[in-house]
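Remarks on the overall topology
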Amino acid sequence: MATPKKVTYKPFRRSDQHSIEHSLTNHLMYTVGKSVKAATGHDWYDTAAHTVRDHLIERWTNTVENNYQQNPKRIYYLSMEFLIGRTLSNAALNLGIEPSLHAGLLALGQEMENIEEMENDAALGNGGLGRLAACFLDSMATMDLPGMGYGIRYEYGMFTQRIENNQQVEHPDNWLRYGNPWEFQRPERLYPVKFYGSIVKFPDAHALSHIEHRWVDSETVMAMAYDFPVPGYNTETVNNLRLWAAKSTREFDLGSFNAGDYIGAVVDKDLTENLSKVLYPDDSSLMGRELRLKQEYFFVSASVQDILYRFSSAHSDWNMLPEKVAIQLNDTHPAIAVAEMMHQLVDHRFLGWDHAWQLVTGIFAYTNHTLMQEALEAWPVEMFERVLPRHLEIIYEINCRFLAQVNHCFPGDTGLLRRVSIIDEEHGRRVRMAHLAVVGSHTVNGVAAIHSELLKSELFFDFQRIFPGKFINVTNGITPRRWLNQCNPRLTELIASRIGCDFVRDLSELKKLAEFAEDAEFRKEFRAVKQANKLYLAEHIEKVTGIRVDPDSLFDVQAKRIHEYKRQLLNVLHVITLYNRIRSGQAKDIAPRTVIFGGKAAPGYRTAKLIVRLINDVAGIVNNDPAVGNLLKVVFYPNYDVSTAEKIFPASELSEQISTAGTEASGTGNMKMALNGALTIGTLDGANIEICEEVGEENIFIFGLTTPQVAELRARGYNPWDYYNGNAELRQALDMIGNGFFSVEESDRYRSLFDNLTKNGDHYLLLADYASYMEAQDRVSALYLDREEWTRRAILNVANMGKFSSDRTIQEYADKVWKVQPVAPACTLK
C-alpha cells in the first residue's frame, strides 16, 4: 500500500524538496556536526527538527512583533499541564512542509516514520487536562488569536510506566536526556519567587492611612523562562508556550567545597531546583503536599510577574489591565494566581485594595474540571501560612470582604456563610482553592453541558445564588490537526477524496461525509483504512507486550488515567464474564474481541495500581487458555502517552466511556476515538451526552444509571449485595477476583477490590450498572458481526464530530469569556 498523504496547504514561503534537502544537509553538518555516514537515528531527528524549526522561528518572531505593533488584548492560559506530545510531524504539517521534509529525508536515505520515533514525548502532563491545554494552544494559533500558555518545565515529567511482574513500576521519565531542540532558553526572563519568612507591617510614608506589607526573611527561588513555539495550521501565526524552570540563587558553595563538604556545596541548588523536577509529586506525605503547593505558586508567581511586565512595558494606566489581559485558570491548580495578582498590584504597584480587586475580577476566568470534592484542592491553613504567609493574609481579606457582601445580600444565613467561605472551618481549617477561583473570577465554566448544570445545581449551588450569570458552559473539544490529520493519515486522505480538505480547519465540514455512509464502495474503503490501522497497532502491541492479537477481532479500547470512577474494573468484570461464557460453551456466536487497556495510576493511589495488576493477571490467564484461542485477548499497553494514543485511536472500534454518571466532567478520549471511526459504549456522563445527541441514539451504545437515578439510588440506600446475590454471572466474576483465581500464588491479593465492591459500599455503583453494561456489550457483539452496518454507523460517528473541534471551543471562550479578536498575521496586512 502506498504511503497515505496527510492534508497539507501551500506554504507562503519557498519550502520545496530541494530547499529542504539542502537545509537538512547543512544542519547535519553544521548543527549536529556529523556526516551522513556517521549520523545516528537521533542525529537525523535533531537534523530534521532544526530544519523545521527554521521555518517556525521567522513566523514566530513576526507574530511577536506583529502583536506588539497591534497591541491586542491577550489570552494567558495558566495550566499545570501541557501534554503536547511529539512536535516534529505536528509542526511540519501545520507549517505545510511535511511532504517536502518527507521527500528530503528520503532522498538522503531516511524514512520519516523512523525519524519521528526518535522523538521523546514532552513529559509536561498526565492526562486529559494537559492534552486539552495543548489542543487549546493549537486552536488559538490556528485561529490567529493572541494567546500564550504558561506552565512548568518539568525535568522528569510524571513517570515512565513499566509493567514488571504484572505490576506498575514507576521510573523517571528523562525526556530531556538528549536535549530539546524545540525550546529556547530565555535567561533574561528571570523572576524571583518567595517562600516562607514573615510579614512586617508599617504605615506607608506617602499615605499614612495605608498599611504597607513587606515580606521578609523569605527563601527565594528564581524562575527562568523557556519558550516553546506553537504553530497554527495554514496560517503565519506561531504562538508561545512559556515554561518555568527553578534556578537557585546560590549555584555553588565554594566554602563548603573547600572544606571537603562536596555534597553540602550543592545541596541548596539541588533542593531549590527540585521544584521543577517532577510533575505532581506524591502528595500522600506532608512533604509531598508542600512541594506541590510550592510548585503551583512557583509557576503562578512567575507567570503573573511576566504578564504584568509585558503590560507595563506598553501601558502606564492600570485601568487598562482588563482591556488588555485575559487570564484563564485551567482547574484549581493555578487558583493562587488570584491572591498573587492582588499581592503584585497592592504590595508592589501600590494600588488601593478596592481598585486592585476591581482589576483582578475583570481579568480572571476559571474552568472547573471536576465534580468530586476530593479532587478540589484544599490546603491546610497551617501549611499555607508557613509557605505563603502574605498570601494567606490576602486570602483572609478577600474572604472577609466577600462574606460581608454575602451577609448583606442574605442576612442571617450563617449556614450559607459557612458553606461558601474560602476558609473551611469544619475539616481542620483549610484554604478552599476552588472557592478562591470562583470569587476572584468574572466567569466560571464547566466543560460539558451536564457538568455545567451540575456545577450550578450541586457543587457551586450557593455561588450560583450569589453570582447569577457567572456560571456558563463551554464544552471541550479536540484539535483535528493532531487527532485526525496527523495520527490517521489514511482516513484523512479518504475523507479528503470525497469532501475536500477544508475539514482540517473547519471540522463542521465533516457533515458532508454523512451521505457516503450509504455508499457501499466508500464503506469498503473505510473498512480497509480501519483494517490497515489495526494491523499497524497489532504489530506494535506484539513488539511492546509480546502479545499477538487478531487484527480481525473487535478492537475494544479503554485508554485513560486509571481511577475508580472511570471504572476500568467494570470493564474487567465484563472480560471475566466473557471468559466464563467462552469456557462454558455459551459464546459460540460472539464476535472475537481484543480488549485494550492503557493508562497510568498515580504512584500513591494503591487501589488504582492494584487494578492495573489485576488487568495484567487476568490477561495472563485469558491469553494463555487454549479453550479461548482468538475469541478473546486482553492487552495492557504500558506507558500510555500522546504518541501511544496516536497509534491506538485510529485502530479503535469500540470506545469505552463507562464512568459513573455524574462523575466525569467531559472526557476527550471519547471525542478522539469517535472522530477516528469508533463507536462509543458509555453512560450518560460528561460529553457522552452531547456525542449521543450529535450522532444519534442508534449510533451509540448507552447503558447504566443516569445522574438523577444515581442520586435516587444512593438516597434510597444502595446495597451492592443485592446485585451480587441476584446475578449469577456477576457473582461468579467477583468470586474469581476475591478468591484468587487470577492470583493463585497469593489468594487474597485482590480481596480489597472485592470488598470495595461489596461490603464497603461500591461507591461508584459498578454492580448496579453491571447487567445493563453486559446487555449493551451483547448488542455490540451482535452488531459487529454485521460489518456493513457497523461500518455505516462508524462513518456517521465521524461525520457528526464537527461540534467537538477545539476550534469551536476556543471561539466560544473568545466570544463569551475573553472578549478577544484575531490578529491578522503580518504577511496578510496591507
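This section reports on the structure supplied with the text. Here the structure is a predicted model, which is why all the values come from computation and not from measurement. (Residues numbered from 1 in each chain as written. Predicted model: local features only at pLDDT ≥ 70, side-chain atom pairs only at ≥ 80, totals over all residues. Heavy atoms only, no water.)

1. Digging into the overall build of the chain
- Along its length, the chain carries 33 helices and 22 strands.
- Computed over the C-alpha atoms, the radius of gyration of the chain is 27 Å, within 12% of the 28 Å expected from 2.2 N^0.38 for a compact globule of 830 residues.
- Considered along the principal axes of its C-alpha atoms, the chain spans approximately 90 × 70 × 65 Å.
- A total of 830 residues make up the chain; the buried ones form 62% of that total.
- Counted over contacts in the chain with a minimum sequence separation of 6, partners at least 24 positions apart contribute 77%.
- Computed over 87 positive and 106 negative side-chain charges, the separation of the two mean positions in the chain equals 1 Å. (Helix = DSSP H or I, 4+ residues; strand = E, 2+ residues; numbered from the N terminus. Rg over C-alpha atoms; globule rule 2.2 N^0.38 Å. Buried < 20%, exposed > 50% of the residue type's maximum accessible area, 1.4 Å probe, protein only. Contact = heavy atoms within 4.5 Å. Lys, Arg positive; Asp, Glu negative; His and termini not counted. Charge placed at Lys NZ, Arg CZ, Asp CG, Glu CD.)

2. Some words on the nonpolar core
- Among the nonpolar cores identified, the biggest contains 148 residues, and Leu101, Phe195, Phe298, Ile327, Phe384, Ile398 and Trp818 are the most heavily contacted of them.
- In contact with Phe384, other than residues within four places in its own chain, are Leu293, Ile336, Trp379, Pro389, His391, Leu392, Ile395, Val431 and Met433.
- Listed in part, the 124 residues of the second largest apolar core include Phe522, Tyr637, Met671 and Ile691. (Core = buried A, V, L, I, M, F, W, Y, C linked by side-chain atoms within 4.5 Å.)

3. A word on the pairing of strand S11 (residues 364-367)
- Burial of S11 is two-sided: the residues Phe364 and Tyr366 facing one way and the residues Ala365 and Thr367 facing the other way are all buried.
- As paired elements, strand S10 (residues 325-330) and S11 share 4 bridges and run parallel to each other. Bridging across to S11, Gln328 finds its partner in Ala365. (Pairing = 2+ DSSP bridges.)

4. So, the packing of helix H9 (residues 286-314) against helix H11 (residues 337-348)
- Their axes nearest at 10 Å, the elements H9 and H11 cross at an angle of 45 degrees. Classified by the angle their axes make, H9 and H11 are oblique. Note on packing geometry: the crossing formed by H9 with H11 is right-handed. Here Tyr297, Val300, Ser301, Val304, Gln305 and Leu308 of H9 come into contact with H11, specifically with Ala337, Glu340, Met341, His343, Gln344 and Leu345.
- Each residue belonging to the contact of H9 with H11 can be placed in one class, and the counts come to 7 nonpolar, 4 polar and 1 charged. (Axes fitted to C-alpha atoms, helices over the stretch in contact; angles between N-to-C directions. Parallel < 35°, antiparallel > 145°, perpendicular 65-115°, else oblique. Left-handed = near helix turned anticlockwise from the far one by under 90°. Nonpolar A, V, L, I, M, F, W, Y, C, P; charged D, E, K, R; others polar.)

5. Points about the side chain of Ser421
- Tracing the sequence through the fold places Ser421 in the loop between helix H15 (414-420) and strand S13 (423-424).
- Those residues in contact with Ser421 that sit more than four places away from it in its chain are Asn399, Leu403, Arg432 and His435.

6. Examining helix H23 (residues 606-622)
- If you check H23, its first and last C-alpha atoms are 24 Å apart, about what 17 residues at 1.5 Å a residue would give, namely 24 Å.
- Of all 17 residues in H23, 13 are buried; the element is thus mostly enclosed. (Expected span 1.5 Å × (residues − 1).)

7. Regarding the pattern of salt bridges
- Enumeration over the complete set of coordinates arrives at 56 salt bridges.
- Glu426 is the partner of Arg418 in a salt bridge, and the nearest nitrogen-oxygen pair spans 2.6 Å.
- When the shortest N-O distance is used, the salt bridge between Lys816 and Glu812 registers 3.5 Å. With Lys816 and Glu812 both in helix H33 (residues 806-818) and 4 residues apart, this pair spans about one turn of that helix.
- The network of salt bridges with common partners includes Arg186, Asp227, Arg242, Asp306 and Arg310. (Salt bridge = Lys/Arg side-chain N within 4 Å of Asp/Glu carboxyl O.)

8. Remarks on unusual backbone geometry
- The phi dihedral of Asp144 is positive, around 60 degrees, even though this residue is not glycine.
- Within the secondary structure layout, Asp144 lies in the loop between helix H6 (128-142) and strand S2 (147-152).
- Given the relative accessible area of 14%, Asp144 is considered buried.
- Of note in this structure, Asp331 is not a glycine but carries a positive phi near 75 degrees.

9. A short note on the packing of H6 against H33
- Remark: H6 packs on H33, axes separated minimally by 9 Å, with the N-to-C direction vectors making an angle of 75 degrees. Classified by the angle between their axes, H6 and H33 sit roughly perpendicular to one another. Contacts from Cys135, Phe136, Ser139 and Met140 in H6 reach Ser806, Asp807, Thr809, Ile810, Tyr813 and Trp818 in H33.
- Across the contact of H6 with H33, the residue classes break down as 6 nonpolar, 3 polar and 1 charged.

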